[in-house]
Amino acid sequence: MKLATIWWCIDVIGHDFARLALSNCWQSLIVFAAFGVLAFLVRSKAASVRHAIWCAAVLSLPVIPLVSWFSAQEFGSRPIPVFPAYSQVIPIEPATVSEPLQGVSPSTGPDEKSDPFRIAHPWAVIFALYTAGAGFLIMRMVSGRLRVRRLIDYGIPVIDDRVIGMTDDIRVRYGIKRQITVVESADVPVPFTFRTLHPVIVLPAGLAENLEEVELGAVIAHEAAHVKRFDTLVLNAVYIVRAVFFFNPLAWFATREISHLSEQASDTLVLTAAVTPLPYARLVTRIAELASSVPAEVEYAAGMIFSRQSFIRRVEAILAHREGTLRKLSLPAFAGVVLACGVALAAAFALPIEEAAEKKPSQPAGQPATTNTMRVAQAFAVRETPSKL
């Protein structure tokens, strides 16, 4: 098969991908609006509840296309025909086929009189850019995990009885059955937690000696809270979804919210263990002052990770700590919210974006319309079609 035909096939795939990506952004906007309303109604609830809501929102991104397809097959849908139809032709030599294929227009290449600045395969370029972007984010994530693993491997296991005993007591108090290992590393500025089945708490070198017993207990309790909540596993799943759907700005927004709320939820567990908010806020501030820069790879772990945007928000949440309760809603209001969310989700799944109607010659009776998939199959079949003498 010639290179031009291969490019054409990639262009067709890129066209379908662009349509699905635009449809995903539109449908996820409706779904995220429903989750956003729900998160607003439970804003006075514990951070763990809002964390679960936004996790469900992010994990819905790969589910939306599947549910949309299933609902269209079972219940029908009302697609929005706003996406431009594919108008390219298969670049084949007319002499290779004795009879023209149905719905296929032979072409020897681009028109010489066409616009010289026009891109011959724009959808292939879009698909290549997406592949490069998703590949870069996935490789960055894999590289970050490998660098964190290297930090742990080169770290020094903590043998201080005070730290080991404190970690075991907190693990039992939280009901964690997995054994927690504590190591020190001079290459990390802040504590963090890594791994799920065999969790490891990484402390900056010398941090345990510079903290009082209550402060050290609060730090270990915070990291153990991440272990209890499986935050490392959740964050990595969310980052994978963000890498695949990086073109969707809602994925970046929800990922940032999940990162903030995972820290706030862990802080809540620490504060419920007889730790007063003001000293704990001072401790967080002290550790933040020690962290002049946080390595990028630590993003894929869980722990006391700081940024300029989230630090003030986190300290305010610590100082305003309270045992949150659900806002009281009347039964009609609650029923209305549930009904509105259900309608929003149903609308999202029933309103995908499809190609705009294209004026084409009428098909013969009983002859199905030619689709992109059929065109690709015909392009591959052209080379095997024998010519008649």
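Since the structure is predicted, the reported quantities are computational estimates derived from the model, not experimental observations.

## Quick notes on the pairing of strand β3 (residues 181-185)
Item 1. The element β3 is extensively covered by neighbouring structure, given that four of its five residues are classed as buried.
Item 2. In this structure, strand β2 (residues 156-157) lies alongside β3, joined through two bridges in antiparallel fashion. Along β3, the bridge assignment pairs I156 with E184.
Item 3. The pairing of β3 with strand β5 (residues 200-204) spans five bridges and is classified as parallel. When the bridges of β5 are listed, E184 appears paired with L203.

## Notes on the packing of helix α8 (residues 231-244) against helix α9 (residues 249-271)
Item 1. Between α8 and α9, the shortest axis-to-axis distance is 10 Å and the interhelical angle comes to 170 degrees. Comparing their axes, α9 and α8 come out roughly antiparallel. Facing α8, whose interface residues are D231, L235, V238, Y239 and R242, α9 presents A251, W252, T255, I258, S259, S262 and S266.
Item 2. The class makeup of the residues in the contact of α8 with α9 is six nonpolar, four polar and two charged.

## Topic: the packing of helix α7 (residues 213-229) against α9
Item 1. Put simply, α7 and α9 touch, their axes get as near as 8 Å, and they point 120 degrees apart. The angle between the axes of α7 and α9 places the two elements in the oblique class. Judged by the twist between their axes, the crossing of α7 over α9 is right-handed. Facing A218, A221, H222, A225, H226, K228 and R229 of α7, the residues of α9 in contact are S262, E263, A265, S266, D267, L269 and V270.
Item 2. Grouping the constituent residues of the contact of α7 with α9 by class yields six nonpolar, four polar and four charged.

## Overview of the nonpolar core
Item 1. Ranked by size, the top nonpolar core spans 32 residues in total, and within it Y174 and Y280 carry the most contacts.
Item 2. Counting only elements with at least two residues in this core, the list comes to α5 (161-174), β5, α6 (207-210), α7, α9, α10 (277-290) and α11 (308-319).
Item 3. It is α7 that provides the largest number of residues to this core, a total of eight residues.
Item 4. In terms of nonpolar packing, the next biggest core, distinct from the first, is built from 30 residues, W54, Y239, F245 and A254 among them.

## Observations concerning a nonpolar patch on the surface
Item 1. Judged by side-chain polarity, I138, V142, L146, I240 and V244 come together as a nonpolar surface patch covering roughly 380 Å² of accessible area.
Item 2. Tallying contributions element by element places helix α4 (residues 122-153) first for the nonpolar patch, with three residues.
Item 3. With respect to the helices and strands, L146 occurs in helix α4.

## Quick notes on unusual backbone geometry
Item 1. A positive phi is found at R195, a non-glycine position, where the angle reads about 75 degrees.
Item 2. Position of R195 relative to the elements: it lies in the loop between β4 (192-194) and β5.
Item 3. One non-glycine residue with positive phi stands out, namely F230, at about 55 degrees.
Item 4. Relative to the assigned elements, F230 resides in the loop between α7 and α8.

## Regarding the side chain of T255
Item 1. Summarising the element assignment, T255 is placed in helix α9.
Item 2. Using a relative accessible area of 3% as the deciding quantity, one classes T255 as buried.
Item 3. Setting aside its immediate chain neighbours within four residues, T255 contacts V58, V238, Y239 and R242.

## Things to note about α8
Item 1. For α8, which comprises 14 residues, the first-to-last C-alpha distance of 20 Å matches the rise-based estimate of 20 Å (1.5 Å per residue) to within 8%.
Item 2. Looking at α8, one finds that the buried residues are D231, T232, L235, N236, V238, Y239, V241, R242 and A243.

## What about the environment of N248?
Item 1. Relative to the elements of secondary structure, N248 occurs in the loop between α8 and α9.
Item 2. Along the primary structure N248 and L22 are separated by 226 residues, whereas in three dimensions their C-alpha atoms are 8.8 Å apart.
Item 3. Setting aside chain neighbours within four positions, we find N248 in contact with N24, C25, S28 and L61.
Item 4. Here the side chain of N248 touches S28 through a polar contact of 2.8 Å, side chain to side chain.

## Observations concerning the environment of A39
Item 1. With respect to the helices and strands, the residue A39 is situated in helix α1 (residues 3-41).
Item 2. Between the alpha carbons of A39 and R50 there is a distance of 5.7 Å; along the sequence they are eleven residues apart.
Item 3. If we ignore the near neighbours within four places in the chain, the residues touching A39 are R50, I53 and W54.

The rules behind each value
- Residues numbered from 1 in each chain as written.
- Predicted model: local features only at pLDDT ≥ 70, side-chain atom pairs only at ≥ 80, totals over all residues.
- Heavy atoms only, no water.
- Buried < 20%, exposed > 50% of the residue type's maximum accessible area, 1.4 Å probe, protein only.
- Helix = DSSP H or I, 4+ residues; strand = E, 2+ residues; numbered from the N terminus.
- Pairing = 2+ DSSP bridges.
- Axes fitted to C-alpha atoms, helices over the stretch in contact; angles between N-to-C directions.
- Parallel < 35°, antiparallel > 145°, perpendicular 65-115°, else oblique.
- Contact = heavy atoms within 4.5 Å.
- Nonpolar A, V, L, I, M, F, W, Y, C, P; charged D, E, K, R; others polar.
- Left-handed = near helix turned anticlockwise from the far one by under 90°.
- Core = buried A, V, L, I, M, F, W, Y, C linked by side-chain atoms within 4.5 Å.
- Patch = residues over 30% accessible without salt bridge, like charges linked within 9 Å, V, L, I, M, F, W, Y side chains within 5 Å.
- Areas by Shrake-Rupley, 256 points an atom, 1.4 Å probe, with all protein chains shown as cover.
- Salt bridge = Lys/Arg side-chain N within 4 Å of Asp/Glu carboxyl O.
- Expected span 1.5 Å × (residues − 1).
- Polar contact = N/O pair within 3.5 Å; in protein donor to acceptor, adjacent residues only side chain to side chain.

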